[in-house]
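Each chain, written out:
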Amino acid sequence: LIYGDTVSQLDILLHMGENFSDEDWEEFVKRFYERQTAVQLAVMKLGRKQPKRVKDTFLLELMDKPTIDASVLQVAILSCGDRKLHGTVASLQMHLGHIRPTVRAAAAVSILK
């Protein structure tokens, strides 16, 4: 999984990701920025409501990365709202001015939560 191609990583994540241990997830997330956008998005979606797998601190870090893909950023922002991470309001407000409407909408929804 760690060294496979994008299609293999996605296939494994989508079919077996729920069965990974928290330690396996931690190891996989460590290399998050080396992954293709499709894999990053799958990781974020699978870990959206699971703070043991995708840690709150990682979400906060991700929200401040200017080079992250907008689709991944959107899921990270929604994760912050789902988890009610109130310490992220300033960062969320910053994303209300994002160029992509989906990111702006995600930030608005997360603030309201």
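From a predicted model like this one, the values you see are computed outputs, not experimental measurements.

Asker: Please explain the packing of aromatic side chains as it appears in this structure.
Answerer: Here the distance between the centres and the angle between the planes together describe a pair of aromatic rings. Taken as a whole and judged by the stated rule, the model has three aromatic pairs. On the basis of an interplanar angle of 90° and a centroid distance of 5.5 Å, the ring pair of Phe32 and Tyr33 is categorised as edge-to-face. Here the aromatic rings of Tyr33 and Phe58 are separated by 6.0 Å at their centres, their planes lie at 45°, and the arrangement is tilted. Of the two residues, Tyr33 is situated in the loop between α2 (22–30) and α3 (37–47) and Phe58 in helix α4 (residues 56–63); the sequence distance between them amounts to 25 residues. The exposure class assigned to Phe58 is buried, which follows from its relative accessible area of 9%. In this structure an aromatic cluster arises from ring pairing among Phe32, Tyr33 and Phe58. The lysine or arginine in question, Lys65, covers the ring of Tyr33, its NZ or CZ lying 4.8 Å from the ring centre.

Asker: Explain the environment of Ser79 to me, please; I cannot follow it from the model alone.
Answerer: Its location among the elements puts Ser79 in helix α5 (residues 70–82). Taking the relative accessible area as the measure of exposure, Ser79 reaches 1% and is therefore buried. For the pair formed by Ser79 and Val54, sequence separation is 25 residues and the distance between their alpha carbons is 9.6 Å. In this view, Ser79 contacts Met44, Arg48 and Leu59; residues no more than four positions away in its chain are not counted.

Asker: How do you make sense of the packing of α5 against helix α7 (residues 101–112) when you look at a structure like this?
Answerer: Between two packed helices, what matters for the description is the angle formed by their axes and the separation of those axes. At their nearest, the axes of α5 and α7 sit 8 Å apart, and the two run at 5° to each other. Viewed along their axes, α5 and α7 adopt a mutual orientation that is roughly parallel. In this structure, α5 contributes Ala70, Leu73, Gln74, Ile77, Leu78 and Gly81 to the contact, and α7 contributes Thr102, Val103, Ala106, Ala107, Val109 and Ser110. Taken together, the residues of the contact of α5 with α7 break down into eight nonpolar, four polar and no charged.

Reading guide: rules and limits
Per-chain numbering applies: the sequence of each chain, read as written, is numbered from 1 onward. Local features are withheld for residues below a pLDDT of 70 in this predicted model, meaning they are given only at 70 or higher, and side-chain atom pairs are given and counted only at 80 or more; totals for whole chains, interfaces and linings count all residues. Heavy atoms throughout the structure, all of them, feed into the side-chain values; hydrogens and water do not. In summary, the pairing rule links any two rings of Phe, Tyr or Trp, Trp by its six-membered ring, whose centres are within 6.5 Å, and it sorts them by plane angle into stacked for under 30 degrees, edge-to-face for over 60 and tilted for everything else. A helix here means a DSSP run of H or I that spans at least four residues, while a strand means a run of E at least two residues long, and both kinds are numbered starting from the N terminus. Between buried and exposed lies partly exposed: a residue is buried under 20% and exposed over 50% of the maximum accessible area for its type, with that area taken using a 1.4 Å probe on protein chains only. In this analysis the charged atom, NZ for Lys or CZ for Arg, is taken to sit over a ring once it is within 6 Å of the ring centre and within 35 degrees of the ring normal. Working rule for contacts: check all heavy atoms of both residues, and any pair within 4.5 Å makes them a contact. Every axis corresponds to a line fitted to the C-alpha atoms, with the helix fit spanning only the stretch in contact, and the corresponding angles, defined between N-to-C directions, vary from 0 to 180 degrees. Angles below 35 degrees are treated as roughly parallel, those above 145 as roughly antiparallel, those between 65 and 115 as roughly perpendicular, and all remaining angles as oblique. In this classification, the charged set is Asp, Glu, Lys and Arg, the nonpolar set is Ala, Val, Leu, Ile, Met, Phe, Trp, Tyr, Cys and Pro, and all remaining amino acids, among them Gly, are polar.

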